[in-house]
Amino acid sequence: MAVGKAVWGIDIGQSALKALKCRMHEDGFWMVAEAFDFIEYPNPLNQAGAGSEGLIKDALREFLSRNDIRNDAISISVPGQAGLARFFKAPPVEAKRIADIVKYEAKQQIPFPLEDVIWDYQPMPGSHEEEGISLETEIGIFAMKRDQIFRSLQPYLDTGIDVDIVQLTPISLYNFVANDQLTINPLKEEYDPTNQPNSYVIVSMGTETTDLVITNGFRVWQRSLPIGGNHFTKQLTKELKLTFAKAEHLKRHASEAENAKLVFQAMRPVFNDLVTEIQRSIGFFQTLDRKAKISRIIPIGNGMKLPGLVPYLGKNLGYDVVELDGYQKLTGTEVTSAPSFRENMLSFATCYGLCLQGLKKSALRTNLLPQEILIDRIVRQKKPWAVAAVASLLLACALNFGFHWQAYNSAHIPQFEDALRKVAAVESTSQTYQSTDSQLLTEKENLEMIGRYVVGNEENRRLWPELMKAITASLPTDPDLAPGRVSDKPIDQRPDLQIESIESQYFPDLSMWYTEAVKTKYAVTLENRKVILRRLEEGEAASPAIDEDLAEEAATEAAAATPPVEEVDSTAGTAAEEEADVDLMEIEGEADPEDELAGPSAEESGWVVQITGYHFHNSPAARENMGAQYVRNTLIDQLDRGSIELINENNEPEVVTMKELGISHPIIAMDEVPRTVQIANPKYEPPALGSGMSDEYGGGYGMNPEEPIDPSKIEPPMIQAKVYRFTVQFCWRESPLSKREELRRAAELAEAEENAANAEMENF
């Protein structure tokens, strides 16, 4: 005896609509078939001009006219090639965290944004838990693009059929095989990966494609093959020069044809292609699961009724091919013995699996029905109750209003209306004034805030001009030359740096810029400073030369190695003790606060300023002061230890060092070897018209042919010069005037305290 709610499983194929209505038997084992329908389209959906949407709607209307689906659940299938199935093994975690892991995996496995797809998941059968921990859980994720699902649902929506379950066709086939064909029950037995049960291969041939599903009940693998029943028909039209309709008729009655051998020879290439695709798919599956044991092949679908196809598959695939002659767990003699059902029995396997899921007896129960459709249906079902509730509420409000109106009418005096209108007008005017006053107060506060910012930010407006002045003051000059007379000197001796660009970038963490490479370059700057200071003390010119190899070697040693500790006499004075303490600090790994190579710390922020330029100061006679060394002796040295004159808070000039200004760690970030180039000669003067000059430099005669011109006095139009290009970078931490004054006062106070302490020690 059948009990419970009935379920319709509807499968819309390319050539026909198949539907099966089932209910569970009271023993919970048998599924009772109560009705079925098989509606073949006038033309296959894939034929040009067939009008697939119209044909599907006509078939659904015919289905509704022949069957009563009220109070029945509707479960439909969508093509497997339009969906996506992915499987992954979750790590041992708490069962309640499976959802979070699945959501993460879905983002990785589904090649579309999750908002563009409808997806669902379910642990595969055979999974188990111990003390709330999910162990050896394989999870299946099934998805389909949102627009494709709505396209599949549109015919049902247009014909007024409320769909409850949307499932992929391969998953419905898996549910059918797991319930009806396997000897094990995956819903009740545990999965042993070391001793897997035999796997079945389901080959479901459709009109255009063939769904191949391999399962042992606990695990499932699917693939869509690009070969269907129409490929046999098209092969006949090609080989025998027939129309599509005649070829289809001949295919279905191939064994009755006058020359059956010719028909099968014409279709042989498609037979071979189908066998090849199935072999390739099975071979690929066995590379994924080497422990799988395939025992039989189950062909389904009306395409498998092609004469000779099933024996051909068994002969060429090497597996036992089992032809279905009925469904083992489906009863209902009125349906199962009907001639139309028996004739098309192979095409109802998908409907069988859909009914199982609707009756909650399937192994996989994922549902790709969009939530918005489900919500709309719930709202539609609740709408009559909502309308009734609103009507009742309106009636109650009307009754309540009637009582209030009666009370109001008995106490209302018309003479009060004019006074009440005037009060309302005054109240409205007051509210307008209050609103205007609030708006004006807000504007006033905004203006005051802008004014405070403009006035209070005066100090910060000086920062960038001060930086530009510092860079300008660091460029080389020659005090012996009058302003604008730099060109009097030869081009390779001019005290001049040509700046092409000045750029800056803000670093929240300056240590990101001060890498080991920058540290090594800055060590060269420090070494250059020592040499300059030593030469100044010795009374020599402040443009020393540093041998590049020695400088780099010294830089590397200074950046990477800790200075060795010298032995200190215990009887030495205070200076020796302090020196020993410093050495001891370095041995113990503590940073020396005076060590300039330490660079900016990770907490410091600021700007990295980059200056790009070139110079021609590359005279062979002054090799010790050319190329990169000239940039170090001038721009780098000034940025490192120079000073400029700025206006203090009392509007008086004061000398500010680059360190006080926040400039530090200047380096040559990038440079190149000086190379010879051709440049325009600034002293070149073109010859006057009719001068009679000739040859390369105008040798010949002038206006007076008898008066020769000395070629040595003629300047050439182009001259050769060695150009050196460079990129200088340095750190700049903003140091406003107030901050500099504060630091200076603190330094003066510390110096005064130190002097007082020294004086006290001397007196002591």
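No experiment lies behind these values; they were computed from the predicted model shown.

(A) Representation of the sheet that holds strand β6 (residues 93–94) within the structure. Spatial strand order, β6-β9-β8: 3 strands in an open sheet with antiparallel pairing. Every interior strand has two partners, whereas the edge strands, β6 and β8 (128–130), have only one. In this structure, β6 lies alongside strand β9 (residues 133–135), joined through 2 bridges in antiparallel fashion. Bridge pairing in β9 links Val 93 to Ser 134.

(B) Examining a nonpolar patch on the surface more closely. Together, Leu 395, Leu 399 and Phe 403 make up a nonpolar patch on the protein surface, roughly 360 Å² of accessible area in all. With respect to the helices, strands and loops of the structure, Leu 395 is situated in helix α12 (residues 371–411). Judged by relative accessible area, Leu 395 falls into the exposed class, the value being 56%.

(C) A look at helix α14 (residues 463–474). Under the 1.5 Å per step criterion, the end-to-end length of α14 is 17 Å for 12 residues, consistent within 8% with the ideal 16 Å. The complete set of buried residues in α14 reads Leu 463, Glu 466, Leu 467, Ala 470, Ile 471 and Ser 474. When α14 is viewed along its axis, its buried side chains cluster within an angular range of 140° and face the same direction.

(D) Examining the packing of helix α1 (residues 52–66) against helix α3 (residues 146–158) more closely. One way to put it is that α1 packs onto α3 with a least axis distance of 9 Å and a crossing angle of 45°. It follows from the interaxial angle that α1 and α3 lie oblique. Both α1 and α3 take part in a crossing whose hand is right-handed. Contact with α1, carried on its side by Ile 56, Lys 57 and Leu 60, involves Pro 155, Tyr 156 and Asp 158 of α3 and no other residues of that element. Within the contact of α1 with α3, the residues separate by chemical class into 4 nonpolar, no polar and 2 charged.

(E) Up close: helix α2 (residues 98–109). Relative to the 16 Å expected for 12 residues at 1.5 Å per residue, α2 spans 16 Å between its end C-alpha atoms, a close match to the ideal helical length. Among all positions of α2, only Ile 98, Ile 101, Val 102, Glu 105 and Ala 106 are buried. Angular distribution of buried residues about the axis of α2 spans 140°; they occupy a single face of the element. Set apart from the buried face of α2 by more than 90 degrees, the exposed residues are Asp 100, Tyr 104 and Lys 107.

(F) Fine view of a positive patch on the surface. A surface patch of positive charge is lined by Lys 5, Lys 188, Lys 360, Lys 361 and Arg 365. Looking at Arg 365, the relative accessible area reads 40%, which means it is partly exposed.

(G) How the structure looks around the side chain of Asn 175. Among the structural elements, Asn 175 can be located in helix α4 (residues 169–180). A polar contact is formed between the side chain of Asn 175 and the backbone nitrogen of Ala 363, at a distance of 3.4 Å. Among all residues touching Asn 175, those that are not within four sequence positions of it are Gly 353, Leu 356, Gln 357, Ser 362, Ala 363 and Leu 364.

(H) Fine view of the sheet that holds strand β15 (residues 294–300). Read across the sheet, 5 strands follow the order β14-β13-β12-β15-β16 without closing on themselves; strand pairing throughout is mixed. With partners counted over all chains shown, the strands left at the sheet margins are β14 (220–225) and β16 (320–321), one partner each. Note that strand β12 (residues 199–205) and β15 share 6 bridges and pair parallel. By the bridge assignment for β15, Val 201 is matched with Ile 297. With respect to the sheet, helix α7 (residues 260–288) is in contact with β12, β13 (210–215), β14 and β15, its orientation differing from that of β14 by roughly 150°.

Rules and cut-offs
- Residues numbered from 1 in each chain as written.
- Predicted model: local features only at pLDDT ≥ 70, side-chain atom pairs only at ≥ 80, totals over all residues.
- Heavy atoms only, no water.
- Pairing = 2+ DSSP bridges.
- Helix = DSSP H or I, 4+ residues; strand = E, 2+ residues; numbered from the N terminus.
- Patch = residues over 30% accessible without salt bridge, like charges linked within 9 Å, V, L, I, M, F, W, Y side chains within 5 Å.
- Areas by Shrake-Rupley, 256 points an atom, 1.4 Å probe, with all protein chains shown as cover.
- Salt bridge = Lys/Arg side-chain N within 4 Å of Asp/Glu carboxyl O.
- Buried < 20%, exposed > 50% of the residue type's maximum accessible area, 1.4 Å probe, protein only.
- Expected span 1.5 Å × (residues − 1).
- Arc of directions from axis to C-beta.
- Axes fitted to C-alpha atoms, helices over the stretch in contact; angles between N-to-C directions.
- Parallel < 35°, antiparallel > 145°, perpendicular 65-115°, else oblique.
- Left-handed = near helix turned anticlockwise from the far one by under 90°.
- Contact = heavy atoms within 4.5 Å.
- Nonpolar A, V, L, I, M, F, W, Y, C, P; charged D, E, K, R; others polar.
- Lys, Arg positive; Asp, Glu negative; His and termini not counted.
- Charge placed at Lys NZ, Arg CZ, Asp CG, Glu CD.
- Polar contact = N/O pair within 3.5 Å; in protein donor to acceptor, adjacent residues only side chain to side chain.

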